[in-house]
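Examining the three-dimensional arrangement
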Amino acid sequence: MKKLIAVILVITVALSLCTTAFADYQVCDIGGNVEQSIIYISGTTATCVSQIDSMPTDVSTIKITQTLEKQGFLWIWGKYAGDWNKTLTKSGVLNTKVYNLPSGNYRVKSVFVITLKDGRSQTITLYSAERAV
């Protein structure tokens, strides 16, 4: 019985690590943009930052959606607060703060939808590094 539980635990951990990619920044294929997803923790306050540096001139719109996630049982992440949105036409930052966080591990999920003037678009999802309260 102990071996079965150990095998199940190892498989669960392996699958959870393989399905989620963590990155503080990424270069976008479609337009040469650089995106970042960052979390800062100070006491029980989280500062969530989603930033894009848009270099090309053919960008029509950039939509940023940001969510603060908290780690739950068996390394499963769930939405804690958010779905804050901002629409830009060039470089910009979406900053939000969440106060009075209970103890736990947190990360920021940033979704960037970049649409070019010719109609092509790309969606990029980034997760910040994890931080503990």
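Every value quoted in this text rests on a predicted model; they were computed, and no experiment measured them. (Residues numbered from 1 in each chain as written. Predicted model: local features only at pLDDT ≥ 70, side-chain atom pairs only at ≥ 80, totals over all residues. Heavy atoms only, no water.)

1. Some points on the pairing of strand E3 (residues 45–53)
The condition is simple: A simple rule labels every residue: compare its accessible area, found with a 1.4 Å probe on the protein chains alone, to the largest value its type can have, and call it buried under 20%, exposed over 50%, or partly exposed in between. Numbering of helices and strands runs from the N terminus, with a helix taken as a DSSP run of H or I at least four residues long and a strand as a DSSP run of E at least two residues long. Here, strands pair whenever DSSP counts at least two bridges between them.
Most of E3 is tucked away, with seven of its nine residues classed as buried. Here strand E2 (residues 34–42) pairs with E3 via nine bridges, running antiparallel. Across the sheet, Val34 pairs through a bridge with Asp53, a residue of E3. Here E2 folds back onto E3, and the loop between the two strands holds two residues, one of which, Gly43, carries a positive phi near 65°.

2. Notes on the packing of aromatic side chains
Test applied: Two rings from Phe, Tyr or Trp (for Trp, the six-membered ring) form a pair when their centres are within 6.5 Å of each other. A pair whose planes differ by under 30 degrees is stacked, one over 60 is edge-to-face, and the rest are tilted.
All told, the structure shown has one aromatic pair when counted by the stated rule. Residues Tyr80 and Tyr106 carry aromatic rings whose centres are separated by 5.6 Å and whose planes lie at 80° to one another, so their mutual orientation is edge-to-face. Within this pair, whereas Tyr80 is found in strand E5 (residues 77–88), its partner Tyr106 is found in strand E7 (residues 105–116), the two being separated by 26 residues in sequence. Relative accessible area serves as the criterion here: at 34%, Tyr80 is assigned to the partly exposed category. Looking at Tyr106, the relative accessible area reads 0%, which means it is buried.

3. Brief notes about the pattern of salt bridges
The condition that has to hold: What counts as a salt bridge is simple: a side-chain nitrogen of Lys or Arg found within 4 Å of a carboxyl oxygen of Asp or Glu.
A complete count under the given rule lists three salt bridges for this structure. Residue Lys79 pairs with Asp83 through a salt bridge whose shortest N-O separation is 3.0 Å. Here Lys79 falls in the exposed class, since its relative accessible area comes to 53%.

4. Section: the pairing of E7
Relative to E7, strand E4 (residues 59–71) runs antiparallel, the two being bridged by 11 bridges. When the sheet's bridge partners are listed, Thr67 is paired in E7 with Lys109. Note that E7 and strand E9 (residues 131–132) share two bridges and pair antiparallel. The residue of E9 that forms the bridge with Tyr106 is Arg131. The sheet contact formed by E7 and strand E8 (residues 121–127) spans seven bridges and is antiparallel. Across the sheet, residue Val113 finds its bridge partner in E8, namely Thr123. Between E7 and E8, which pair antiparallel and follow one another directly, the connecting turn spans four residues, one of which, Gly119, has a positive phi of 95°.

5. Quick look at the side chain of Thr67
Selection criterion: Polar contacts, as used here, are pairs of N or O atoms within 3.5 Å; protein pairs need one atom able to donate a hydrogen and one able to accept it. Residues neighboring in sequence count only if both atoms are side-chain atoms. Whether two residues touch is decided by their heavy atoms; if any such pair falls within 4.5 Å, the residues are in contact.
One can find Thr67 in strand E4. Within the structure, the side chain of Thr67 is placed 2.9 Å from the side chain of Asp83, a separation counted as a polar contact. Among all residues touching Thr67, those that are not within four sequence positions of it are Lys79, Ala81, Gly82, Asp83, Trp84, Arg107, Val108 and Lys109.

6. Examining the confidence of the model for the protein chain
Formally: pLDDT is defined as a per-residue confidence score from the predictor, taking values between 0 and 100.
Per-residue confidence for the protein chain gives a mean pLDDT of 82; residues scoring 70 or more make up 74%. In the model, residues 17–23 has pLDDT below 50 throughout and makes 11 contacts with residues more than four positions away in sequence or in other chains.

7. A look at a nonpolar patch on the surface
Where we set the bar: Two distance rules govern patches: like charges are joined within 9 Å, and nonpolar side chains (Val, Leu, Ile, Met, Phe, Trp, Tyr) within 5 Å, applied only to residues with over 30% relative accessible area and no salt bridge. Here the Shrake-Rupley method, with its probe set to 1.4 Å, supplies the accessible areas, and only the displayed protein chains count as covering residues.
Taken together, the side chains of Phe73, Leu74, Trp75 and Ile76 define a hydrophobic patch exposed on the protein surface, amounting to about 460 Å² of accessible area. You can see Phe73 is positioned in the loop between E4 and E5. Classification of Phe73 by relative accessible area gives exposed; the value is 68%.

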